[in-house]
Amino acid sequence: MKEITAYKCKKCGRIHYPKHERCLTCKHREFEPIHPEGNVKLLTFTQIFNLPWGFDERFLYIGVVQFANGVKAMGQIDAPDGADLRLGMTLKAEWEPVRTVFDEPVYGLKLKPLG
Ligand SMILES: [Zn+2]
């Protein structure tokens, strides 16, 4: 997914997303940009009721997921009822409008349960 760029430390390999000035593990300053691809694994999720301005939904599920190459990211889970969300499940990750501000769509990571 070209919209997400993570940074892999050239010395120890630790992946940073978002970017840090220095590696959190070894303090190295050089990073290789990488893009996460494919489906993601759900590490944790939560339900948010007090939404910022720009959301039409009454509440949202927000999840932290991990891509196959180790990049971790936070995104909005497309699960209106939330009934089938389980830790460790596989989700499809897409870059889509997640809210509207001044009539303009704001893009973000959208996560969809498979099947
Ligand atoms: Zn490092």
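The structure displayed is predicted, hence computed values, not measured ones.

The rules we used
Residues numbered from 1 in each chain as written. Predicted model: local features only at pLDDT ≥ 70, side-chain atom pairs only at ≥ 80, totals over all residues. Heavy atoms only, no water. Pairing = 2+ DSSP bridges. Helix = DSSP H or I, 4+ residues; strand = E, 2+ residues; numbered from the N terminus. Donors = N, O, S within 2.8 Å, 3.2 Å for Na, K, Ca; no water. Tetrahedral: all angles 85-135°; square planar, octahedral: opposite > 155°, others 65-115°.

Participant: Quick rundown of the pairing of strand β1 (residues 6-9)? Include the residues and the values.
Facilitator: Looking at chain direction, β1 and strand β3 (residues 31-34) are connected through 4 bridges and run antiparallel. Paired with Tyr7 across the bridge in β3 is Pro33. Here β1 runs beside strand β2 (residues 15-16); their pairing, made up of 2 bridges, is antiparallel. Residue pairing for β2: Lys8 is matched across the bridge by Ile15. The turn joining β1 and β2, which pair antiparallel and follow one another in sequence, is formed by 5 residues; a positive phi near 90° is taken by Gly13.

Participant: Any details on the coordination of the zinc ion? Residues and values, ideally.
Facilitator: Reference values for coordination geometry: four tetrahedral donors around a metal ideally subtend 109.5 degrees, six octahedral donors ideally subtend 90 or 180 degrees. The protein atoms that coordinate the zinc ion are Cys9 (SG), Cys12 (SG), Cys23 (SG) and Cys26 (SG), at distances of 2.3 Å. Classification of the site at the zinc ion rests on its 4 donor atoms, whose angles at the metal span 103 to 116°, yielding the label tetrahedral. Binding-site remark: the zinc ion is held by donors from one chain whose sequence spacing is C-x2-C-x10-C-x2-C. Separated by 11 residues along the polypeptide, Cys12 in the loop between β1 and β2 and Cys23 in the loop between β2 and β3 bring together distant segments of the chain.

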